[in-house]
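Each chain is listed here by its residues.
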Amino acid sequence: MKTLILGAGGQLGRELQLSRPDGVDMVAATRAELDIRAQDAVLAFVAECRPEVIINAAAYTAVDGAESKPDVAVAINAEGPGYLARAAERCGARLLQLSTDFVFDGEASEPYRPRADTRPLGVYGHSKLAGECRVREILPMRSLVLRTAWVYSRFGHNFVKTMLRLMAERDSLRVVDDQVGAPTWAAGLARTLWDLLDHPKAHGIYHWTDGGRCSWYAFACEIQSRALALGLLDREIDIEPIPSGEYPTPARRPAFSVLDLGGTEALLGRQAVPWETQLQAMLEDLEANPEPE
Ligand SMILES: NC(=O)c1ccc[n+]([C@@H]2O[C@H](COP(=O)([O-])OP(=O)(O)OC[C@H]3O[C@@H](n4cnc5c(N)ncnc54)[C@H](OP(=O)(O)O)[C@@H]3O)[C@@H](O)[C@H]2O)c1
């Protein structure tokens with residue numbers, strides 16, 4: 001299966017490359033190699049590569065930055081996926097588009113199903129939702145939209161690595177306790193994407209995160225205790241739970257963004273691994289590969 005990966009330098013892009021299954025012939029393009037905003041370049045690159053599958057892990061993921069740069073967010077998160085869908089249409093490829101829990105408003109109290117009403121709270125969520133719609137409109141039967149949340153990896157910038165740095169530098173931390181979601185280790189997510197692509201007829205919207213749920217505060221506490229046990233941190237600091245109102249950000253975030261994984265679990269015949277188990281695996285990965293970049 002010839003597979004083209006966009007956003008190859010990002011967290012998920014890197015993990016997808018590390019987990020390439022046998023039998024997959026992979027072409028991985030970083031932003032420097034293909035900027036998905038350039039329509040002609042996208043069409044030419046895909047025509048030359050002739051993939052059977054395209055995985056779009058490229059995105060503008062700066063949630064707060066998107067509020068002041070809506071044009072950039074829309075160009076990368078909505079228009080780019082549209083160009084990829086057109087390119088896929090021309091060469092008969094399937095397209096797997098990554099999306100986000102931020103398409104929801106967070107007012108639910110039960111996990112969001114793939115067909116639940118969307119109502120993004122900010123520019124990032126709007127731009128990602130627009131990307132979903134374009135891809136599905138252009139390639140209704142050959143596109144998969146995979147929504148995920150709270151992604152981290154030993155690569156790139158993410159909450160786990162930020163917490164580890166701050167926990168090493170500071171004597172105390174204040175972390176938001178009224179936003180609940182599901183952390184997702186990018187390595188496990190990558191494996192799920194490869195498994196999904198083994199289902200040639202799968203199309204439409206899928207949800208995937210690690211199992212369970214927590215607040216950012218509970219996530220931070222778990223990071224600290226597991227990192228201490230592994231020797232990634234050498235002293236314990238105070239972590240104080242705070243409401244979002246005490247940590248204002250340019251973009252509003254959903255208070256509850258747990259995704260219902262039932263459909264994807266049924267298709268794959270396996271359940272999501274608990275987020276605590278995946279966090280442990282990532283921290284061990286980080287310990288084994290301390291200078292990955
Ligand atoms: N991170 C999360 O918590 C999270 C949560 C839910 C959903 N998602 C979704 O999951 C997917 C993967 O996220 P991630 O965490 O791996 O993101 P990431 O680490 O920020 O990686 C995104 C990659 O896209 C590249 N990129 C940006 N603009 C581009 C352009 N115009 N053309 C080509 N490449 C471009 C970036 O390159 P540069 O590094 O050179 O800018 C980066 O390598 C995205 O669709 C994201 O929206 C992420």
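What you see is a predicted model; the values in this text were computed from it and never measured. (Residues numbered from 1 in each chain as written. Predicted model: local features only at pLDDT ≥ 70, side-chain atom pairs only at ≥ 80, totals over all residues.)

Novice: It is not clear to me how the sheet that holds strand 10 (residues 204–207) should be interpreted in this structure. Could you clarify?
Specialist: Strands in a sheet are paired, the pairing made by backbone hydrogen bonds, and the direction either parallel or antiparallel. The sheet built from six strands is open, its strands ordered 2-1-3-4-5-10 with parallel pairing. Strand pairing shows two members of the sheet lacking a second neighbour, strand 2 (25–29) and strand 10, which therefore form its edges. Averaged over all pairs of adjacent strands, the angle between strand axes in this sheet comes to 20 degrees, irrespective of strand direction. Contacts from helix 4 (residues 70–91) reach strand 1 (2–6), strand 3 (53–56), strand 4 (94–100) and strand 5 (143–148), with the element oriented near 165 degrees to strand 4. (Pairing = 2+ DSSP bridges. Helix = DSSP H or I, 4+ residues; strand = E, 2+ residues; numbered from the N terminus. Axes fitted to C-alpha atoms, helices over the stretch in contact; angles between N-to-C directions. Contact = placed C-beta atoms within 7 Å.)

Novice: Explanation requested: the site of the ligand in the structure shown.
Specialist: Lining the immediate environment of the ligand, one finds 26 residues, of which Gly7, Gly10, Arg31, Ala58 and Leu98 sit closest. Elements that contribute at least two residues to the shell around the ligand include exactly helix 1 (11–18), helix 4 and strand 4. Here the shell around the ligand gets three residues from one element, more than from any other, and that element is helix 1. In terms of residue class, the shell around the ligand is built from 12 nonpolar, 10 polar and four charged. (Near = placed C-beta within 6 Å. Nonpolar A, V, L, I, M, F, W, Y, C, P; charged D, E, K, R; others polar.)

Novice: Can you walk me through the packing of helix 8 (residues 216–230) against helix 10 (residues 275–288) in this structure?
Specialist: Each pair of packed helices can be summarised by the angle the axes make with each other and by the distance between the axes. Direction vectors running N to C along helix 8 and helix 10 enclose 45 degrees, while the axes themselves pass 10 Å from each other. Here helix 10 runs oblique to helix 8, going by the angle between their axes. Crossing handedness for the pair helix 8 and helix 10: right-handed. Packed against helix 8, whose contacting residues are Glu222, Ile223, Arg226, Ala227 and Leu230, the element helix 10 presents Glu276, Leu279, Gln280, Leu283, Glu284 and Glu287 at the interface. Split into classes, the residues belonging to the contact of helix 8 with helix 10 amount to five nonpolar, one polar and five charged. (Parallel < 35°, antiparallel > 145°, perpendicular 65-115°, else oblique. Left-handed = near helix turned anticlockwise from the far one by under 90°.)

Novice: What am I meant to see in unusual backbone geometry here?
Specialist: With the exception of glycine, most residues fall at negative phi, and the peptide bonds are largely trans. Look at Arg50: it is not a glycine, yet its phi comes out positive at around 50 degrees. Mapped onto the fold, Arg50 is located in the loop between helix 2 (39–49) and strand 3.

Novice: When you look at helix 1 in this model, what are you seeing that I'm missing?
Specialist: Along an α-helix, residues three or four apart share an orientation, since each turn contains 3.6 residues. Burial runs high along helix 1: six of the eight residues are buried. All buried positions along helix 1 are accounted for by Gln11, Leu12, Gly13, Arg14, Glu15 and Leu16. For helix 1, the secondary structure elements touched by its buried residues are strand 1, strand 2, strand 3, strand 4, strand 6 (151–152) and helix 7 (186–197). (Buried ≥ 20, exposed ≤ 12 C-beta atoms within 10 Å, placed from the backbone.)

Novice: For this particular structure, what's the right way to read the nonpolar core?
Specialist: Core analysis: the largest hydrophobic core is formed by 80 residues, its most contacted members being Leu6, Ile54, Leu84, Ala88 and Leu95. Of all the elements, helix 4 adds the most residues to this core, at nine residues. In this structure Ala88 touches Val46, Ile54, Ala93, Arg94, Leu95, Leu139 and Arg142, once residues within four positions along its chain are discounted. (Core = buried A, V, L, I, M, F, W, Y, C linked by C-beta atoms within 7 Å.)

Novice: I would appreciate a short explanation of the packing of helix 1 against helix 7 in the present structure.
Specialist: Running from amino to carboxyl end, helix 1 crosses helix 7 at an angle of 60 degrees, the nearest separation of the two axes being 8 Å. Comparing their axes, helix 7 and helix 1 come out oblique. Here helix 1 and helix 7 pass one another in a crossing that is right-handed. Contacts between helix 1 and helix 7 involve Gln11, Leu12, Glu15 and Leu16 on the former and, on the latter, Ala186, Ala187, Leu189, Ala190 and Leu193. Grouping the constituent residues of the contact of helix 1 with helix 7 by class yields seven nonpolar, one polar and one charged.

Novice: Just to check I follow, could you spell out helix 5 (residues 123–138) for this structure?
Specialist: If you check helix 5, its first and last C-alpha atoms are 23 Å apart, about what 16 residues at 1.5 Å a residue would give, namely 22 Å. Of all the 16 residues making up helix 5, 12 are buried; the element is thus mostly covered by neighbouring parts of the structure. Buried within helix 5 we find Val123, Tyr124, Gly125, His126, Ser127, Lys128, Leu129, Gly131, Glu132, Arg134, Val135 and Arg136. In this structure, the buried residues of helix 5 make contact with helix 3 (65–68), helix 4, strand 4 and strand 5. (Expected span 1.5 Å × (residues − 1).)

Novice: Just checking my understanding: could you explain the environment of Leu286 for this structure?
Specialist: Inspection of the secondary structure assignment puts Leu286 in helix 10. Residue Leu286 is classed as buried on the basis of its 20 C-beta neighbours within 10 Å. Contact partners of Leu286, with chain neighbours within four places excluded, come to Arg154 and Leu232.

Novice: Sorry if this is basic, but what is going on with the environment of Glu265 here?
Specialist: By the element assignment, Glu265 lies in helix 9 (residues 262–268). For Glu265, a count of 16 C-beta atoms within 10 Å corresponds to the partly exposed category. When the C-alpha positions of Glu265 and Tyr206 are compared, they lie 9.7 Å apart, and in sequence the two are 59 residues distant. Setting aside residues no more than four positions away along its own chain, Glu265 makes contact with Arg270, Gln271 and Ala272.

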